[in-house]
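Survey of secondary and tertiary structure
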Amino acid sequence: ESVEKIGSEGRIRLYEDRIKLLEDEKNSILDRYKKVEEENKDFAAKYVDVEAENNMLANLYVASYQLHSTLDFNEVLRVVMEIVINLVGAEKFAIFLMDDKTNELLPAASEGLSLNEIPKVKMGEGTIGRVAREGVSHFTENMTDTATSGIDAANPFVCIPLKIKEHVIGVISIYSLFTQKSSFSNIDYELFNLLAGHAATAIFSARLYTQSERKLTTIQSFLDLLKEKPRR
């Protein structure tokens, strides 16, 4: 009877050891499954980011093509505004351009705000003037505060310098977005940088072309006047 008891206890221990081994294997499989599941979620998130970045690059390609497809100054401003609205998602913003004679930034176009509401800004004055002087973008750290605070036309929560190399020709000042964000993503920052460079080049070229056209028209009118025969 004692021998049978010992044999029975041995089988029980053997079964318990096998059960423990199976439980350990099950837990190991579950751990591996959780890791694979986390990796899949990570890959899915990265895929979404890559898709969003690809879409943004495609939109930027189309936008840059539109910017450089015309030398009409007003048309270029219109295209820049459409980009800021559709790609950035800005609800209220203004485009300031530098007046080299007075060293002031003058509002050239706006959305959601009347140009009469936007004062001209001296170089180095407020957020806009500082961005124009230093050539470095300004981003408000706590964007959630912008939803409740009033709009200060001289101090936007985002201000991007329009630069050609190191020469600032103006700024884009954003006061509110259609969808409130708590922070900007890396894609947003890349968008701002690319927008600033392409928009600056297009605006500068169109402005120069327009000025040249006006001068040529004036010169041609003067030459035509000289060609006229004097009346007797």
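Cut-offs applied
Residues numbered from 1 in each chain as written. Predicted model: local features only at pLDDT ≥ 70, side-chain atom pairs only at ≥ 80, totals over all residues. Heavy atoms only, no water. Core = buried A, V, L, I, M, F, W, Y, C linked by side-chain atoms within 4.5 Å. Buried < 20%, exposed > 50% of the residue type's maximum accessible area, 1.4 Å probe, protein only. Helix = DSSP H or I, 4+ residues; strand = E, 2+ residues; numbered from the N terminus. Contact = heavy atoms within 4.5 Å. 1 Å grid on protein atoms, 1.4 Å probe; cavity = no way out; pocket = protein on both sides within 12 Å on 5 of 7 lines; lining within 4 Å. Points joined across faces, edges and corners; volume = space filled by probe spheres on them. Nonpolar A, V, L, I, M, F, W, Y, C, P; charged D, E, K, R; others polar. Salt bridge = Lys/Arg side-chain N within 4 Å of Asp/Glu carboxyl O. Pairing = 2+ DSSP bridges. Phe/Tyr/Trp six-rings, centres within 6.5 Å; stacked < 30°, edge-to-face > 60°. Patch = residues over 30% accessible without salt bridge, like charges linked within 9 Å, V, L, I, M, F, W, Y side chains within 5 Å. Areas by Shrake-Rupley, 256 points an atom, 1.4 Å probe, with all protein chains shown as cover. pLDDT = per-residue confidence, 0-100.

Attention shifts here to the nonpolar core. Soluble globular proteins tend to bury their nonpolar side chains together. Grouped together as the largest cluster of nonpolar side chains are 36 residues, with contacts concentrated most on Val80, Val84, Val88, Ile95, Leu162, Ile174 and Ile203. Secondary-structure elements contributing two or more residues to this core are helix H1 (2-67), helix H2 (73-88), strand E1 (90-99), strand E5 (158-164), strand E6 (167-177) and helix H4 (186-227). Among the elements that take part in this core, H2 stands out by supplying 10 residues, more than any other. Setting aside its immediate chain neighbours within four residues, Val80 contacts Leu67, Ile95, Ile172, Ala199 and Ile203. Core analysis: the second largest hydrophobic core is formed by 15 residues, Phe96, Met98, Leu105 and Val121 among them.

Another aspect to go through is the layout of surface pockets. Taken as a whole, the largest pocket holds about 380 Å³ of empty space. Residue lining of the largest pocket: 15 residues in total, with Met98, Asp99, Asp100, Arg207 and Gln211 positioned closest to the centre. Listing elements by their share of the lining of the largest pocket, those giving two or more residues are E1, strand E2 (104-111), E6 and H4. Here the element with the most residues in the lining of the largest pocket is H4; it accounts for 5 residues. A per-class count over the lining of the largest pocket returns 9 nonpolar, 2 polar and 4 charged.

What follows deals with empty space enclosed by the protein. This model, assessed by the stated rule, comprises 1 cavity of 30 Å³ or more. Leu60, Ala63, Ser64, Leu67, Ile83, Leu194, Leu195 and His198 are the residues that line the largest cavity. Elements represented by at least two residues in the lining of the largest cavity include exactly H1 and H4. With 4 residues, the top contributor of residues to the lining of the largest cavity is H1. Taken together, the residues of the lining of the largest cavity sort by class into 6 nonpolar, 2 polar and no charged.

Another aspect to go through is the pattern of salt bridges. Tallied over the full model, the rule gives 6 salt bridges. A salt bridge links Glu134 to Arg133; its shortest N-O distance comes to 3.6 Å. Three or more residues joined by partner-sharing salt bridges are found here, namely Glu75, Arg78 and Glu82.

Time to look at helix H3 (residues 126-134). All of the buried residues along H3 are Thr127, Ile128, Gly129, Val131 and Ala132. Buried positions along H3 lie against E1, E2, strand E3 (121-122), strand E4 (138-139), E5 and E6. Remark: Gly135 follows H3 within two positions and exhibits a positive phi of approximately 70°.

The next subject is the pairing of E1. For a regular strand, side chains alternate in direction, first toward one face of the sheet and then toward the other. Among the 10 residues of E1, 7 are classified as buried, and the element is accordingly described as predominantly covered. Hairpin geometry of E1 and E2 is characterised by an intervening segment of 4 residues between the two adjacent antiparallel strands and by a positive phi of about 60° at Asn103.

Two aromatic rings, taken as a pair, are described by how far apart their centres are and by the angle between their planes. Evaluation of the coordinates by the stated rule reveals 2 aromatic pairs. Relative to Phe192, the ring of Phe139 has its centre 5.5 Å away and its plane inclined at 40°; by these criteria the two rings are tilted. Residue Phe139 is located in strand E4, and its partner Phe192 is located in helix H4; the two are separated by 53 residues in the primary sequence. Residue Phe139 is classed as partly exposed on the basis of its relative accessible area, which comes to 24%. An aromatic cluster is present here, built from Phe139, Tyr189 and Phe192 joined pairwise through their rings.

On to a nonpolar patch on the surface, then. Taken together, Leu14, Tyr15 and Ile19 make up a surface patch of nonpolar side chains, about 290 Å² in accessible area. Secondary-structure assignment places Ile19 in helix H1.

All right, on to the side chain of Ser176 then. Its place among the elements puts Ser176 in strand E6. The class for Ser176 is buried, based on a relative accessible area of 15%.

Another point: the confidence of the model for the chain. Mean pLDDT over the chain: 80, with 79% of residues reaching 70 or higher. Taken element by element, the chain is modelled with least confidence in H1, mean pLDDT 75, and with most confidence in E2, mean pLDDT 94.

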